[in-house]
Amino acid sequence: MGHPDFRVGGKIFATLGYPNEKSGVIVLSPDEQERLIRAYSKAFEPVKDAWGRRGNTRVALEAVDVATLRQAMLVAWRQKAPARLLKQQME
C-alpha cells in the first residue's frame, strides 16, 4: 500500500505514514480505541467510516509521547498475535 506496516502472525496491527507522514494507524478494539481517544484526544482519533468503527485508530505522531504510543502498540500487537506468541510473552 506504499507505507510501512507492522505485522504479527501475518496480520497488520499498525502502519506508519498513513494517511500522511505525520500519522500512523493502530488497530485496536472499539473499546480500547474509545479509551485512548478519551484520555488523549489530541493524539488519537478514529479512522473515517467503517474502518474507524471497527477500531482502526489514527495516531498524530507529533502529539503522542513515546510511552503512550508504546503501550497502544503493545495492545494492538496482543490483539493480533497468535496464542503461541502470547503464551511465550507471559512466560
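Below is a short write-up of the structure.

Rules behind the numbers
Residues numbered from 1 in each chain as written. Predicted model: local features only at pLDDT ≥ 70, side-chain atom pairs only at ≥ 80, totals over all residues. Heavy atoms only, no water. Salt bridge = Lys/Arg side-chain N within 4 Å of Asp/Glu carboxyl O. Helix = DSSP H or I, 4+ residues; strand = E, 2+ residues; numbered from the N terminus.

1. A look at the pattern of salt bridges
Piece 1. Per the stated rule, a full pass over the model turns up four salt bridges.
Piece 2. Taking the shortest distance from any N to any O, the salt bridge between E34 and R38 comes out at 2.8 Å. Here R38 and E34 lie together in helix α1 (residues 30-39), a separation of four residues that amounts to about one turn.
Piece 3. A salt bridge links E45 to R58, with the shortest nitrogen-to-oxygen separation between them at 3.5 Å. You can see E45 sitting in strand β4 (residues 44-46) and its partner R58 sitting in strand β5 (residues 56-60), a full 13 residues away along the chain.

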